[in-house]
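The primary structure of each chain is shown beneath.
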Amino acid sequence: MREEPEKTTHPVLIFWILAGWVGFGLLPWYMVEDGLWSFDWLTGGYPFDADVAPALFLIGQGEKLWLAPLLLPLALPLLVLRRAKNDPIYARILILAGALGFGWMIVQGFSIGIRGFSFAWQEALFGDLPIRQFGMGYGAMICASAFLFLLTQGVAARGAINGDVFVVSAIGGVITIVTAFVFFPIARMLFAAFVTEDGAYSVSVFLSKFFDDRLWGIGCFWGARCGAAWNSLALAILVGLITTVLGLCFALVVTRSGFRYKRALRALTVLPIITPPFVIGLALILLFGLSGSVTQFVAEMFGTQPTRWLYGMPGVLIAQTLAFTPIAFLVLIGVVEGVSPSMEEAAQTLRANRWQTFRTVSLPLIRPGLANAFLLGFIESMADFGNPLVLGGNFDVLSTEIFFAIVGAQYDQGRAAVLAMVLLFFTLSAFYAQRAWLGKKSYTTVTGKGDAGMHPLMPTGLSVPVQIIVIGWGLFTIVVYGMIVYGSIVELWGVNNALTLKHYVTAFSVRIEEAGIRWTGAAWDSFWTTISIAAIAAPLTAAVGLITAYLLTRQSFAGKNAFEFGTMLSFAIPGTVIGVSYILAFNVPPIEITGTGVILVVSFIFRNMPVGVRAGIASMSQLDRSLDESSLTLGANSWQTFRRIILPLLRPAILAALVYSFVRAMTAISAVIFLVSAEYDMATSYIIGRVENNDYGLAIAYSTTLIFVMLSAVGLLQFLVGRVQIGRRTELGTGRTS
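This one's a predicted model, so the numbers in the text were calculated from it and none came from an experiment. (Residues numbered from 1 in each chain as written. Predicted model: local features only at pLDDT ≥ 70, side-chain atom pairs only at ≥ 80, totals over all residues. Heavy atoms only, no water.)

### Digging into the overall build of the protein chain
So the rule is basically this: Secondary structure elements follow DSSP: runs of H or I of four or more residues count as helices, runs of E of two or more count as strands, with numbering from the N terminus. Remark: exposure states derive from per-residue accessible area (1.4 Å probe, protein chains only) relative to the maximum for the residue type, with buried under 20%, exposed over 50%, and partly exposed in between. Should any heavy atoms of two residues lie within 4.5 Å, those residues are considered in contact. Note on areas: these come from Shrake-Rupley sampling with a 1.4 Å probe, and a residue is covered only by the protein chains present in the view.
Scanning the protein chain for helices and strands turns up 32 helices and 6 strands. Burial status across the protein chain gives 54% buried among its 738 residues. Summarising the internal contacts of the protein chain: among those between residues at least 6 apart in sequence, 74% fall at separations of at least 24. A total accessible area of about 32700 Å² is found for the protein chain, and carbon and sulfur atoms account for 64% of it.

Below, the structure is given as C-alpha cells:
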C-alpha cells in the first residue's frame, strides 16, 4: 500500500507568504518622496493617495493595472500550506509562484518606466501610456523578496544541494543582489564602449579606443613613455608585493614575538586605512615635496638642488603602500593566529629548529592569507585614484584616466568604459593567478580537537629584520600622521604656521540653547550623515561577505566559479566607474534610488563586500569540515551550524569585514563624488569641496576628527566582536588566548 506524504506546516514558508501579502496589500508599492528612511507617508494620505498607496489599493482604484497579475503568484503558495516537502506538488507550485511573480516584476519594471512605456513597439501596440511608474518602494521590495525565496524553497524541495533551504536561499539571494547591484550597472556602463555619437552600436568604435597609444604606449619598452595600462600593472604588482610583506611582518610581530607595544602596533596599522587618501598625499607633499621640510633639510645639508622626485610612481607607491598595508595586516592577522600551535610543536619535537619550523610548517599554512592579501593590495592599487590624482604628476594610471574621461571636458563615456575593461582584465588575471598558486591543497589547522599549544617565537634571524622593518615603517607612519595633526592646528599650512584651533571651531562648533543642543558647525550635517550611512552599511557588508565566503568554501554547486567572479567584480572596478554606472542604472525605474541615502549604502556594501569574502575564505579554509559534519550529524541544520559553529570561529574575519567596511564608508571618495546629493552629503565630498576652495586647514581638521572618531569605532567593534578563544596556552600560562 502506497504511503501518503505526511501533511505538515512550514514556518519559513508561512513567513514569506505573509511577507508577500504585506508588501502587496499594506506597504507603499513605490518609493515615497522622502526616501526609505522617512515614515511621514503614514500621515500623508495613506493608503489611498496614489503616491503612497499599496499595490492592492492602486488596483482597486483602477490605477497601475499592470500589477494585478501578481495576485495569482501570491495566492498559489496557499495551496501547499498543508503539504509535505517531499510532495512533488509542493516544489512545483512554489517554483511556479516564485518564477511567475519575480519574473513579472522584472518584466513590468523594465517595460514601464518614468515616461510610460520604455520601448517604441509597446507604444505602437498599446498606445501612449500617460501614467508614469516610479521606482520600487517598501512594498515592491518585500514582495519581490518573497517571490525570490518562495522560488528558492521550491528549488530546495526538489532536492537541490541536498534540499538545504538555507544554502539554496543564500545562493539565490546573493546571486540576485549581485546581479542587480554589480552586473547590471556595470553592464550599462560597459555598453557605452560600443556606442557611437549618434547612439548606434559599433565594434570599430571600441577598437579605436582600445588600441589608443595613450592606453598602451607600446614604445615604452624602448624608452618612450609608457601608457596608463602598463603603469597601472607595474604599480599594482609592486604595491601588492610590498603591502603583503609589510602586513606579514606586522602580523608576525604581533603574534610571534615578545614585542612590548603590540596594542599600539595594532592601532598604528589601522591609522592609514581610516584616513582619506588625499590627506596622506598632502602630508607626503609637506614632507617630501619641492618645498617639503625633509626635502629642504636634505638640500641644505648636502648643498643639492631640491627635485620633484615625489611626483610620479615613487610618490604614488609610497602613498598606496601606506594606505593599503593595513588591509594585508587585517587579512593576515587572523590567518597567522589560526595556525595550530600543535603542528609547529610537532615539528620542534622532531628536532626542527625555529627557522625550519617557520619555513616548512607555518609559512605554507598561511599561503591562503598571503594570496588574499596580495590580491586585495593589487586590486586596491588598480582601483585607487585619490593618491595618483594628488601625487601622480605625469605618471598616468587607468583609474585617473577613467576619472578624467568622465568628469573632464571630453566627457567620453566610451573611452572610460574601454579603460575599465582593461582594468578589469588585469584584476581578474590576478584573481585567477591567485587561485592557481593556491591550487587544491588543504590548509586546515582548526579541527575541533583539543589544542592547548603555544605559538613558537620567530627565529632570531627572522625576528630581528622583521622588527626593524616594523619599527621603521611604524615611525614613518607616526611622522606622516604627526604632520597631518600639525596641519590641522596651524593658520595656513606651509605659509603661516601660527597655532590656532579656528578650523575645528568652524567645523564642529556647538551652541547650547534653551531648546537644546544646536549643532552650528559647518561640518555637522555631513558628519552625521556619514556616521549613519557607514553604521548601516558596515554590518550588512560583513553579513553578505561572510555568507558568501561560507557558500564558496563549504558548498559545491553549479556555476560556483561564476558566482565567485561576481562577488569580486565590484572590487575590481574603480569607484569612479561604480559611481557613474550607478547613476545610469538607478536614475530610472525599476530601482530609482539616485539622490537618496539608499544608493550610498548599496554602493558601500557591494564595493567593500569582497574584503569580507576574502577574509572569510582565508579564515574558513583553516576550519576542518568535520566541524560542520558533526553539527549536522547531531541534528542541526545548515543555518544553525553556520550561526553556532562557524561564526564564533570567524571573529577575526568578522572584525576585519566590519572595520574595513565601516572605515571605507567613512573615507570613500571616488564613487561618493557622483552619488552624494544636497540632502545626503558625505564627509569626503565636503572635504574635497574645502580643498577645492583652498581651505586646507578646515579640510585637514575635519580629516583629523574623522581619524579619531574611527579609531574609537574600531576599538568599540573589537570589544563587541571579541576574539576567538581556542583554548591555547599563552606566555603567561593562562591556558587560553587573550
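### As for the side chain of T553
Put simply, the rule is: Pairs of N or O atoms are called polar contacts if they sit within 3.5 Å, as long as, within protein, a hydrogen donor faces a hydrogen acceptor (for residues adjacent in sequence, only side-chain-to-side-chain pairs).
Looking at where T553 falls in the secondary structure, it is placed in helix α23 (residues 524-554). At 2.8 Å, the side chain of T553 forms a polar contact with the backbone oxygen of A549.

### Observations concerning helix α1 (residues 11-25)
What counts is decided by this rule: Multiplying 1.5 Å by the helix residue count minus one yields the expected span of that helix.
Along its 15 residues, α1 runs 21 Å from first to last C-alpha, staying within 8% of the 21 Å computed at 1.5 Å per residue. Looking only at α1, the buried set comprises L13, W16, I17, A19, G20, G23, F24 and G25. Check the buried side of α1 and you find it contacts α2 (55-60), α3 (71-75), α4 (88-111) and α6 (138-157).

### A closer look at unusual backbone geometry
Look at the link from Y46 to P47: it is a cis peptide, with omega at 5°. Within the secondary structure, P47 sits in the loop between α1 and α2. Note that the residue after P589, namely P590, is joined by a cis bond; omega there is 10°. The topology assignment puts P590 in the loop between α25 (575-585) and α26 (597-620). With a phi close to 50°, I161 is a non-glycine residue in the positive phi region. Here I161 lies in the loop between α6 and α7 (165-190). Look at N162: it is not a glycine, yet its phi comes out positive at around 60°. Inspection of the secondary structure puts N162 in the loop between α6 and α7.

### Regarding the packing of α26 against helix α29 (residues 651-667)
Packed helix pairs are characterised by how far apart their axes lie and by the angle those axes make with each other. Selection rule: Note on method: axes are straight lines fitted to C-alpha atoms, helices fitted across the in-contact stretch only, with angles between N-to-C directions ranging 0 to 180 degrees. Orientation is classified from the angle alone, with under 35 degrees giving roughly parallel, over 145 giving roughly antiparallel, 65 to 115 giving roughly perpendicular, and any other angle giving oblique. Left-handed is the label given to a crossing in which the near helix is rotated counterclockwise from the far helix by less than a right angle, and right-handed is the label when the rotation is clockwise. When residues are sorted by character, Ala, Val, Leu, Ile, Met, Phe, Trp, Tyr, Cys and Pro go into the nonpolar class, Asp, Glu, Lys and Arg into the charged class, and all the rest, Gly among them, into the polar class.
Two elements in contact, α26 and α29, have axes whose closest approach is 9 Å; the angle formed by their N-to-C orientations is 160°. In terms of orientation, α26 and α29 fall into the roughly antiparallel class. When the axes of α26 and α29 are compared, the crossing they make is right-handed. Of the residues in α29, those in contact with F604, N608, V611, G612, A615, G616 and S619 of α26 are A653, A656, A657, Y660, S661, R664 and A665. A per-class count over the contact of α26 with α29 returns 8 nonpolar, 5 polar and 1 charged.

### Some points on the nonpolar core
As a reminder, the rule being used: Nonpolar core, defined: a set of buried Ala, Val, Leu, Ile, Met, Phe, Trp, Tyr and Cys residues in which side-chain atoms within 4.5 Å join the residues together.
Formed by 186 residues in total, the largest nonpolar core has its most connected members in L284, V480, L551, Y582, F604, F606 and Y702. Discounting chain neighbours no more than four positions away, the residues touching Y582 are F181, P185, N587, T594, I599, V602, S603, F606 and L675.

### With respect to the side chain of E564
Its location among the elements puts E564 in helix α24 (residues 560-572). For E564, the residues in contact, after removing those within four places along its chain, are F431, R435, L552, R614 and I617.

### What about a nonpolar patch on the surface?
Under the convention used in this document: Here a patch means residues that are over 30% exposed by relative accessible area and free of salt bridges, tied together within 9 Å if like-charged and within 5 Å if nonpolar (Val, Leu, Ile, Met, Phe, Trp, Tyr). Whenever Lys or Arg places a side-chain nitrogen within 4 Å of a carboxyl oxygen from Asp or Glu, that contact is recorded as a salt bridge.
A surface patch of nonpolar side chains, about 490 Å² in accessible area, is lined by V294, F297, V298, M301 and F302. Position of F302 among the secondary structure elements: in helix α13 (residues 293-302).

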